[in-house]
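# Fold and contact review
Residues per chain are reported as follows:
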Amino acid sequence: MIVQACLNGARPADWHKRLPLTPEAMAEDAVRCVAAGAAELHVHPRDADGRESLFAVDETVSALRAACPGTLIGVSTGDWIEKDNERTHAAIESWSEPPDYASVNLVEDNAPSVIDALMRRGVGVEAGLATVADAERLCTLPGRHRVLRVLIEIEEQDTGAALEAADDIAGVLEENGIRKQILLHGFDASVWPLVERAFERRWSTRIGLEDGRLLPDGTVAADNIELVRTATELRPAVAN
């Protein structure tokens, strides 16, 4: 049961004044997030113009490994990043400093081929499931038992609907014998309810400016570090 720090995501530069977009800024946040209790890091590398890019993975991962040796590092492979399946595959093949794992959204048409490409490179796969349909699709894939973990990521903003969606996805996995580590997280309004649900179920979770900028009391967090610290402080109280 870990807390993963998701530092930036696809958020625009004006989302938060402390949103880290360069390798140096991500590395600085990473060091402080790990000190605050984060066990892993999830980032969306950006190119020199600030755009998400899978071709920027080497520079970013190298900076993070130098700053946080031994800490697992993951990236996203979302199809909106390169907007082209061939470019996505070319980027993965080009990595000289591959991440430890990468998330793959099962809703995307190219998910099976991206999973295969990552596994060929020895990169762990976080299978991203946002719906029951995504979970059912994962259960049909030949490599389903080789994924590193299952990432249940809920965008529902109503708390009740978000909790129900997470439980429904977990139910499909259980019914189909997929007993992988689960990392549950929400988005904006559902962030903290799903952090609590993850701790209640003894699953892992993640927190950071990628998913939301508010603290549980509704105030804007100072940075990723305050979000991580708040989640790790909440963990024992909920889990026990």
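Look up: the structure comes first, before these words.
The structure contained in this document is the topic of the report that follows. (Residues numbered from 1 in each chain as written. Predicted model: local features only at pLDDT ≥ 70, side-chain atom pairs only at ≥ 80, totals over all residues. Heavy atoms only, no water.)

## Thoughts on the sheet that holds strand β3 (residues 72-76)
On the basis of which strands lie adjacent, the closed barrel formed by 8 strands has the order β1-β2-β3-β4-β5-β6-β7-β8 and parallel pairing. Taking each pair of neighbouring strands and ignoring which way they run, the sheet shows an average axis angle of 25°. When strand β6 (residues 149-153) meets strand β7 (residues 182-185), the two strands line up parallel, connected through 4 bridges. Residue pairing in the sheet places V150 in a bridge with I182 of β7. Contacts between helix α2 (residues 57-67) and the sheet are confined to β2 (40-43) and β3, with β3 contributing the most and set at about 155° to the helix. (Pairing = 2+ DSSP bridges. Helix = DSSP H or I, 4+ residues; strand = E, 2+ residues; numbered from the N terminus. Axes fitted to C-alpha atoms, helices over the stretch in contact; angles between N-to-C directions. Contact = heavy atoms within 4.5 Å.)

## Side note on the nonpolar core
Residues W95, L118, L138, I152, I154, L173 and I207 are the most contacted members of the largest nonpolar core, which totals 72 residues. Looking at which element gives the most residues to this core, the answer is helix α7 (residues 159-175), with 8 residues. For L138, the residues in contact, after removing those within four places along its chain, are L106, A127, L129, R144, V147, V150 and L173. (Core = buried A, V, L, I, M, F, W, Y, C linked by side-chain atoms within 4.5 Å. Buried < 20%, exposed > 50% of the residue type's maximum accessible area, 1.4 Å probe, protein only.)

## Quick word on the packing of helix α4 (residues 85-94) against helix α5 (residues 111-120)
Geometry of a packed helix pair, given as the angle between the helix axes and the separation of the axes. Close contact between α4 and α5 brings their axes to 10 Å; oriented N to C, the two are set at 10°. On the basis of their axis angle, the class for α4 and α5 is roughly parallel. Contact with α4, carried on its side by N85, T88, H89, I92 and E93, involves S113, V114, A117, L118 and R120 of α5 and no other residues of that element. (Parallel < 35°, antiparallel > 145°, perpendicular 65-115°, else oblique.)

These results come straight from atomic positions and should not be treated as a statement about function.
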